[in-house]
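Geometric and topological summary
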Amino acid sequence: MVLGFATALLLWAPVTVSVPVLLTEAVILVGGLGVMLVANGALLRWGLAPLDRLTRLMTTVDLLRPGQRLPVSGGGEVAELIRTFNAMLERLEHERATSTARVLLAQEAERRRIAQELHDEVGQSMTAILLVLGRAADDADEPLREELHQAQEITRESLDEVRRLVRRLRPGVLDDLGLISALSSLTHDFATHTGLRVVRRFEADLPDLDPETELVLYRVAQESLTNAARHADASRVEVSLARADGAVALAIADDGRGIEAACEGAGIRGMRERALLIGAALDITSAPGAGTRIQLLSPVPRKQP
């Protein structure tokens, strides 16, 4: 259009070019060339702006934060390219969620197997050792009796540690008594072993959740508490579980030193993957010196009959 308009102007306008070129003619030609370049530059910038937005999204897209899409704008091949990219993102997110679900379910099955073996094999063997040491100590004389009592105490502490590992691998209370009891037990053990003050705020009339959702909520709380103990340098942690507009909201907040959003480690990415498993939204707010708040907003599926 710009070139056609310029050609028509040259054809029908009373403009001539002399040889040699006069100054006024040179000024008109250079001015026209400048106007054409500016017009073409503006049109190209406007036409290719969707590609700039597409490039920025390509460099920042994260499959662990689903739903990032680019509005379809422009025309022709540019609009088709954006639609194709959005469809590719949707397909990749679906494939990522499916593969993540398989990995996490296999991981939980392996945790259950290891926990069962620790409970049945190692736990029972250590319990038998405790009984043997107790009988031997009763029949032994000093100073052997004191040494047997010490061995018995070490074995008892090791047995408690094995039981703690079993609970971390697969919380039996979650299967037997439900999510609130499991979170209460988790926070109690956490406060006992770390010395941090834990405040619990659990609503009693929560909707029914399926076992998969309860397990994800438990694992996110477990990982959040572990991060608070290891990295936050906090003195107080608050754990809450409540209704929230047709969903269940789990929130873990500490008064520690906070984290940088750009430095998400394997633990936080693991929580995001678990959130994808049940279609939940994970939100992390943190500032240096102001602590960290992790909130998981999970939809409320009904338990399968």
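Residues numbered from 1 in each chain as written. Predicted model: local features only at pLDDT ≥ 70, side-chain atom pairs only at ≥ 80, totals over all residues. Heavy atoms only, no water.

1. Re the domain arrangement of the protein chain
Definition in use: Domain start and stop positions are those given by an automatic or database domain assignment.
Per the domain assignment, the segments of the protein chain are domain 1 (1-13 + 24-42), domain 2 (73-170) and domain 3 (176-304). On a C-alpha basis, the centres of domain 1 and domain 2 stand 75 Å from each other.

2. Things to note about the sheet that holds strand β4 (residues 281-286)
Here is the rule we go by: Only strands joined by at least two bridges in the DSSP assignment are considered to pair. In this description a helix means any DSSP run of H or I spanning at least four residues, a strand means any run of E spanning at least two, and both kinds are numbered starting from the N terminus. Throughout, an axis means a line fitted to C-alpha atoms (over the contacting stretch in the case of helices), and angles, computed between N-to-C directions, take values from 0 to 180 degrees. Any two residues having at least one pair of non-hydrogen atoms within 4.5 Å are treated as being in contact.
Spatial ordering of the open sheet is given by β1-β2-β3-β5-β4, a layout of five strands whose pairing is mixed. Two strands in the sheet have a free side with no partner beyond their single neighbour: β1 (197-202) and β4. Taking each pair of neighbouring strands and ignoring which way they run, the sheet shows an average axis angle of 10°. With seven bridges connecting them, strand β2 (residues 236-243) and strand β3 (residues 247-254) associate as antiparallel partners. Bridging across to β3, Ala-242 finds its partner in Ala-249. Those strands touched by helix α8 (residues 266-277) are β4 and β5 (292-299), and its axis lies near 150° from that of β4.

3. Some points on the nonpolar core
Rules: By nonpolar core is meant a set of buried Ala, Val, Leu, Ile, Met, Phe, Trp, Tyr and Cys residues that side-chain atoms within 4.5 Å join together. For every residue, the accessible area (1.4 Å probe, protein chains only) is compared with the maximum for its type, and the residue is labelled buried under 20%, exposed over 50%, or partly exposed between those bounds.
Counting 38 residues, the largest nonpolar core has Leu-179, Leu-183, Val-237, Leu-250, Leu-282 and Leu-296 as its most contacted members. Within the residue set of this core, elements represented by two or more residues are α3 (77-139), α6 (179-194), α7 (211-232), β2, β3, α8, β4 and β5. Examining the composition of this core, we find that nine residues originate from one element, α7, more than from any other. Core analysis: the next-biggest nonpolar cluster, separate from the first, contains seven residues, Leu-54, Leu-57, Ile-82 and Phe-85 among them.

4. Concerning a nonpolar patch on the surface
How we decide: Like-charged residues within 9 Å of one another, or nonpolar side chains (Val, Leu, Ile, Met, Phe, Trp, Tyr) within 5 Å, are grouped into patches, provided each residue has over 30% relative accessible area and no salt bridge. The protein chains shown are the only cover counted for residues, whose accessible areas, like all others here, come from Shrake-Rupley with a 1.4 Å probe. Think of a salt bridge as a Lys or Arg side-chain nitrogen and an Asp or Glu carboxyl oxygen that are within 4 Å of each other.
A cluster of nonpolar side chains, namely Leu-10, Val-17, Val-21 and Leu-29, defines an oily patch on the protein surface of about 360 Å² accessible area. Checked against the element boundaries, Leu-10 lands in helix α1 (residues 2-12).

5. Section: the pattern of salt bridges
For the structure on display, the rule yields ten salt bridges. A salt bridge links Arg-236 to Glu-238, with the shortest nitrogen-to-oxygen separation between them at 3.5 Å. A relative accessible area of 23% means that Glu-238 is categorised as partly exposed.

6. A look at the pairing of β2
Applicable threshold: If you view a crossover with the strands going away from you and the path from the first strand over the helix to the second runs clockwise, you call it right-handed.
Two elements, β1 and β2, share six bridges in a ladder whose sense is parallel. From the neighbouring strand, Arg-197 faces β2, where its bridge partner is Arg-236. In this fold, β1 hands off to α7, which returns the chain to β2; that crossover is left-handed. Hairpin connection of β2 to β3: three residues between the antiparallel strands, including Asp-245 at a positive phi of 50°.

7. Regarding the UniProt feature "transmembrane region" (unreviewed entry) in the protein chain
Defined as follows: UniProt positions are given in the numbering used here, feature names are shortened, and annotations may be inferred rather than shown by experiment.
Per the UniProt record, "transmembrane region" (unreviewed entry) is annotated on residues 28-48. What you have in residues 28-48 is 100% helix and 0% strand, and the ends, taken at the C-alpha atoms, are 30 Å apart.

8. Remarks on the environment of Thr-187
Condition: Residues adjacent in sequence count toward polar contacts only when both atoms are side-chain atoms; beyond that, a polar contact is any pair of N or O atoms within 3.5 Å, and within protein one must be able to donate a hydrogen and the other to accept it.
For Thr-187, the location among the structural elements is in helix α6. The spacing of Thr-187 and Val-199 is twelve residues in sequence and 8.6 Å in space, taken between C-alpha atoms. Aside from chain neighbours lying at most four places away, what touches Thr-187 is Val-198, Arg-200, Leu-225 and Val-239. Looking at Thr-187, its side chain comes within polar contact range of the main-chain oxygen of Ser-184, at 3.0 Å.

9. A word on α8
Count 3.6 residues to each turn of an α-helix, and residues three or four apart come out pointing the same way. Where we set the bar: One fewer than the residue count of a helix, multiplied by 1.5 Å, yields its expected span.
Along its twelve residues, α8 runs 17 Å from first to last C-alpha, staying within 8% of the 16 Å computed at 1.5 Å per residue. Along α8, the positions that sit buried rather than exposed are Ile-268, Met-271, Arg-272, Arg-274, Ala-275, Leu-276 and Leu-277. In this structure, the buried residues of α8 make contact with α3, α7, β4 and β5. Of the residues trailing α8, Gly-279 is marked for its positive phi of about 70°.

10. Comments concerning the pairing of β5
Along any regular strand the residues' side chains alternate between the sheet's two faces. Of the two faces of β5, only one is covered, namely that formed by Thr-292, Ile-294, Leu-296 and Ser-298; the face formed by Arg-293, Gln-295, Leu-297 and Pro-299 stays uncovered. Two elements, β3 and β5, share eight bridges in a ladder whose sense is antiparallel. The residue of β5 that forms the bridge with Ala-253 is Arg-293. Inspection of the sheet shows β4 paired to β5 by six bridges, in the antiparallel sense. Bridge pairing in β5 links Ser-286 to Thr-292.

11. Section: helix α4 (residues 144-169)
The end-to-end C-alpha distance of α4, which contains 26 residues, comes to 37 Å, matching closely the 38 Å that a straight helix rising 1.5 Å per residue would cover. For α4, every residue scored as buried is listed here: Leu-148, Gln-152, Thr-155, Leu-159, Val-162 and Val-166. Each element contacted by the buried residues of α4 is listed here: α3.

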